[in-house]
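Coordinate analysis (summary)
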Amino acid sequence: MDHLQISTDPTLLGADLPESLTTSPSVSTFLPEEDASTCLLLPGTPSPPLDFTHPLTPSMGNVENCENVAGDDPAAETSSSGSSGIGMVGGCTSGAGNLFNNHNEYQHLRKKSDGKMQENGMANGTMNIALTKDMPSFVHWDWPLIRKCTFFVFLAGIIAMVAIVVTMIATLPKSCNPSVPWFKGSVFYEVFPASFQDTNDDGLGDIRGLISRADYFESLGVGAVRLNSIFPSTHYPDRFQEVTSLTAIDEVLGKVEDLQKLAAILHEKNISLILDLPIYPFVTHLNPPTLDIDHLPNRTSDDTPTSEFLRLARSIKAGEENVITSVLMFWLAKGGVDGFYIKGLEQFSEDPLLLENIKEWKYTLGGDRVLMVSKSFIDKVPEAIVRDVLNQIDLVDVFVDVTNGTEAIANTVRAAVDGTLLKGADHPWVHWSLGGVNERRLSSGMNSNVTLAATLMQLMLPGTSSIFYGDEIALAEVHDPNKEHEETQHLHQLPVMSWSGNQNQFTGRGTLPWLPKSSSASYHHLDIVLEMIALRKRSPSIYLNAVMKEGQSLPNAEVKSSKNDILVIQRWYPRRNSFASITNFSLKNVSLDLTAMFYSGEVVAGASMMKERVYFQQFNVKSLETTVVRLHK
């Protein structure tokens, strides 16, 4: 009588009870009406069937299992029970013990392979879900395999995403510098072809010699090679300025096909080709434009003339075309040239057709080819049209004369940087040059170090820089101590190129060059110049000519000092390193106190103190030396 908390144990009652009260599992000890009262919450409902089993009550097993369990558990034989499944004796009550017995087996779903499936869905020893024709197909899928495949696909996706991220990080550019057209901020290398490299042992340089030195141009890191004299003349090269044709190459240098090959090889090395075009005195007056300038279609940025221009050009009859325009078209089609330096325009500054001609020339070249003129020409252009002319020009060549002292250099730089003519956002960039075919060598009559000092100073200026061949090694003028070559004295600034001992020389050993060799060359200067060119290429503070802010062009260069033969130039750009160059053009070493301008920095270019941290309280600069410092913020 468990539910009434009355024990049926004879020893506790202290009386002998009939055996039926302690052993019979089917006879109730209560009257029938009391038996019905077990459903207290539902008094009006009939009693549940005798075979009803409450979910929380122990389940009944078969007789064999009950006997086995009873045999294992002697305590079960002494248990008593009431009617209606309240208490069970012997093996019949072993279902309650099965919940805590290690022989208990839970009924669960099993795979087909776990047992032989019977027709009613019951497997041997276990209960399984009945398989019918209406059951979904996914029940038969191999879910363990699907889980494995899904895991490996997920893992592969994670690995792929990680690989993509790593690849993106690895391929990111090392710098994020502002991009500019190829001719802005780069370095040009100017060559006099007759003095650079001879390949046929006639003592004169040629176009094929330039081709053989293409790797040297690439090693310099220059953006363009500029040939300043290739056209036929009355006696080339002695009288190279007396041009007889602008659509041919002097036979001493080679053929048009050689120039085409040179352009192709340079283009493979990402180097452009520029030609000097000396139109005066070959052209004495400007012709009317070939096209109606006021009704030209909009000029595109393509690197070839527009189809509209070609259509209009074909409609022009022979003899009516503009001479200079025809020359430009010839070299664009034949030579693969990337730009022209129009020389001699100073003679046409007052010509009424000047602006129309320049517009047509630039339209012919397109947006990706260069039209370059000299600063002396811009200075002579009438004020009424000077802005229109500047809108058509890409580069303005500014010659810096370092022989007149630091004050003259500072004035030239300030006039170009701060001048209103070259300051507009759509105006041309400055092309700086220190030498040329008509200028004496920098080292003439001086120490060769002045060439290096001036070259490093020039490479710090905003815009595009130009190196005249040989200045990278401080090539001196022709050595003629006995005055044996006075008839060519006007060409002594054009000595043949000198190459280091492990390279082929200018010409064959048994051939004399057309001019005597240079008196000296400093090959160790080359590494310093190369390092400065590389620094310039990767530093927008140096190669950019201005800071563009809200549509305005603000200067990013300043001459800080130009007294006592000391020239100090500072360059900067937003969120980039600032630089300063200190040049000593005097013949003595100096110690400067520049703390009013700068505090400290690191030497990044110069002949000495490389990679050293320096302070400007006692800054030492040797004679004829330029030191470039990256300033600390």
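Residues numbered from 1 in each chain as written. Predicted model: local features only at pLDDT ≥ 70, side-chain atom pairs only at ≥ 80, totals over all residues. Heavy atoms only, no water.

A look at the overall build of the chain
The test is simple: Numbering of helices and strands runs from the N terminus, with a helix taken as a DSSP run of H or I at least four residues long and a strand as a DSSP run of E at least two residues long. Think of it in three bands: with a 1.4 Å probe and only protein chains considered, a residue is buried below 20% of the maximum accessible area for its type, exposed above 50%, and partly exposed in between. With residues, only the protein chains shown are counted as cover, and all accessible areas are computed by Shrake-Rupley using a 1.4 Å probe.
Helices and strands together make up the secondary structure of the chain, namely 18 helices and 20 strands. Counting across all 633 residues of the chain, residues that qualify as buried make up 44%. Of the roughly 34,200 Å² of accessible surface on the chain, 54% is carried by carbon and sulfur atoms.

What about the sheet that holds strand E15 (residues 579-584)?
Two strands in a sheet stick together by hydrogen bonds in their backbones, pointing the same way (parallel) or opposite ways (antiparallel). Under the convention used in this document: Two strands pair if DSSP finds at least two bridges between them. Throughout, an axis means a line fitted to C-alpha atoms (over the contacting stretch in the case of helices), and angles, computed between N-to-C directions, take values from 0 to 180 degrees.
Pairing in this open sheet of six strands is antiparallel, and the strands run E13-E14-E15-E20-E17-E18 from one edge to the other. Where the open sheet ends on each side, the last strands, each with one partner, are strand E13 (557-561) and strand E18 (613-615). The average undirected angle you get between the axes of adjacent strands in this sheet is 35 degrees. Alignment of E13 against strand E14 (residues 566-571), held across four bridges, turns out to be antiparallel. Bridging from a neighbouring strand, Ser561 pairs with Val568 of E14.

Details of the packing of helix H11 (residues 323-334) against helix H12 (residues 354-365)
Where we set the bar: Roughly parallel covers angles under 35 degrees, roughly antiparallel covers those over 145, roughly perpendicular covers 65 to 115, and oblique covers all other angles. A clockwise turn of the near helix away from the far one marks a right-handed crossing, whereas an anticlockwise turn of less than a right angle marks a left-handed crossing. Whether two residues are in contact is decided by their heavy atoms, any of which lying within 4.5 Å being enough. The classification used treats Ala, Val, Leu, Ile, Met, Phe, Trp, Tyr, Cys and Pro as nonpolar, Asp, Glu, Lys and Arg as charged, and all other residues, Gly among them, as polar.
Axis separation between H11 and H12 bottoms out at 10 Å; the angle between their running directions is 15 degrees. With respect to their mutual orientation, H11 and H12 come out roughly parallel. In the packing of H11 onto H12, the handedness of the crossing is right-handed. Of H12, the residues touching H11 (which contributes Ile324, Thr325, Leu328, Met329 and Leu332) are Glu360, Trp361, Thr364 and Leu365. Looking at the contact of H11 with H12 residue by residue, the class counts come to six nonpolar, two polar and one charged.

Some words on the UniProt feature "transmembrane region" (unreviewed entry) in the chain
Note the following rule: UniProt positions are given in the numbering used here, feature names are shortened, and annotations may be inferred rather than shown by experiment.
UniProt feature "transmembrane region" (unreviewed entry): in the numbering of this structure it lies at residues 151-172. Between the end C-alpha atoms of residues 151-172 the distance is 32 Å, and the span holds 95% helix and 0% strand.

Observations concerning the packing of aromatic side chains
Cut-off, in case you're wondering: Only Phe, Tyr and Trp rings take part, Trp by its six-membered ring, and two of them pair if their centres are within 6.5 Å. Stacked means planes under 30 degrees apart, edge-to-face means over 60, and tilted covers everything else.
Scanning all chains against the criterion turns up 21 aromatic pairs. With 5.4 Å between their ring centres and 85 degrees between their planes, Phe196 and Trp499 make a pair best called edge-to-face. With Phe196 in the loop between strand E3 (187-191) and helix H7 (207-212) and Trp499 in the loop between strand E10 (464-468) and helix H17 (525-538), this pair connects stretches of sequence that are 303 residues apart. Like Trp499, Phe196 is buried. Arranged with centres 6.1 Å apart and planes meeting at 80 degrees, the rings of Tyr280 and Phe348 form a pair that is edge-to-face. Here Tyr280 is found in the loop between strand E5 (272-278) and helix H10 (307-314), whereas its partner Phe348 is found in the loop between strand E6 (339-343) and H12, with 68 residues between them in sequence.

A few points about the pattern of salt bridges
To keep things clear, this is the line we draw: Counted as salt bridges are all cases of a side-chain nitrogen of Lys or Arg within 4 Å of a carboxyl oxygen of Asp or Glu.
If you walk through the whole model with that rule in mind, you get twelve salt bridges. Asp276 is paired through a salt bridge with Arg226; the nearest N and O atoms lie 2.8 Å apart. Here Arg226 lies in strand E4 (residues 224-227) and Asp276 lies in strand E5, a separation of 50 residues in the sequence. Comparing Asp276 with Arg226, the two get one shared label, buried. The salt bridge involving Arg630 is made with Glu602; its shortest N-O contact spans 2.7 Å. Of the two residues, Arg630 sits in strand E20 (residues 625-631) while Glu602 sits in strand E17 (residues 600-605), which places them 28 residues apart along the sequence. With relative accessibility at 23%, the residue Glu602 sits in the partly exposed group.

Points about the pairing of E3
Consecutive residues of a regular strand have side chains that alternate between opposite faces of the sheet. Within E3, five of the five residues are buried, leaving the element largely enclosed by the surrounding structure. Neither face of E3 is left uncovered, since the one carrying Val187, Tyr189 and Val191 and the one carrying Phe188 and Glu190 both have all their residues buried. Of the pairings in the sheet, the one linking E3 to E10 comprises four bridges and is parallel in character. Among the inter-strand pairings, Phe188 is bridged to a residue of E10, identified as Ser466. Where E3 meets E4, four bridges bridge the pair, whose relative direction is parallel.

Some thoughts on the sheet that holds E3
If you walk around this closed barrel you meet the eight strands as E3-E4-E5-E6-E7-E8-E9-E10, and the pairing is parallel. Looking at each pair of strands side by side, their axes are set apart by 25 degrees on average, direction ignored. When strand E9 (residues 429-433) meets E10, the two strands line up parallel, connected through two bridges. Pairing of His431 across the sheet is with Thr464, part of E10. Of the strands in this sheet, E6 and strand E7 (370-374) are in contact with H12, which crosses E7 at around 145 degrees. Taken strand by strand, H17 contacts E3 and E10, and its axis lies near 165 degrees from that of E10.

What to know about the confidence of the model for the chain
Our working definition: The predictor rates its confidence in each residue with pLDDT, a number between 0 and 100.
In the predicted model, the chain carries a mean pLDDT of 80, and the fraction of residues at 70 or more is 73%. Here residues 1-7 is a poorly scored stretch, pLDDT under 50, and it has twelve contacts once near neighbours within four places are set aside; other chains count. Counting interchain partners and residues more than four positions distant, the pLDDT-below-50 stretch residues 10-15 has four contacts.

Description of the pairing of E20
Summarising burial for E20: six of the seven residues are buried, a large majority. By the bridge criterion, six bridges tie E15 to E20 in an arrangement that is antiparallel. Opposite Phe579, over in E20, you have Arg630 as the bridge partner. In this sheet, E20 lies alongside E17 in antiparallel orientation, the contact comprising four bridges. Residue pairing in the sheet places Gly601 in a bridge with Leu631 of E20.

Here's the deal with H17
Definition in use: Working rule for helices: expected span equals 1.5 Å times residues minus one.
Between its first and last C-alpha atoms H17 spans 21 Å; for 14 residues at 1.5 Å apiece the expected length is 20 Å, and the two agree. Every buried residue of H17 is listed here: His525, Leu526, Ile528, Val529, Met532, Ile533, Leu535 and Arg536.

Some points on the environment of Val529
Structurally, Val529 is set in helix H17. Among residues more than four places away in sequence, those in contact with Val529 are Leu452, Thr455, Leu459, Ile467 and Glu472.

Looking at a nonpolar patch on the surface
Definition in use: Patch membership requires over 30% relative accessible area and the absence of a salt bridge. Like charges are linked within 9 Å, and nonpolar side chains (Val, Leu, Ile, Met, Phe, Trp, Tyr) within 5 Å.
Side chains of Phe154, Ile158, Met161, Val162 and Val166 sit close together on the surface and give an oily, nonpolar patch of about 480 Å² of accessible area. Position of Phe154 relative to the elements: it lies in helix H6 (residues 143-171).

What to know about the nonpolar core
Rules: What makes a nonpolar core is a set of buried Ala, Val, Leu, Ile, Met, Phe, Trp, Tyr and Cys residues whose side-chain atoms join them at distances within 4.5 Å.
Of all hydrophobic cores here, the largest spans 93 residues; its most connected members are Tyr189, Phe196, Phe217, Leu227, Leu277, Trp331 and Phe340. Other than its neighbours up to four places away in sequence, Leu227 contacts Val191, Pro193, Leu210, Leu259, Leu262, Leu273, Ile274, Leu275 and Asp276. Membership of the second largest hydrophobic core comes to 21 residues, among which are Ala416, Val430, Leu442 and Val559.

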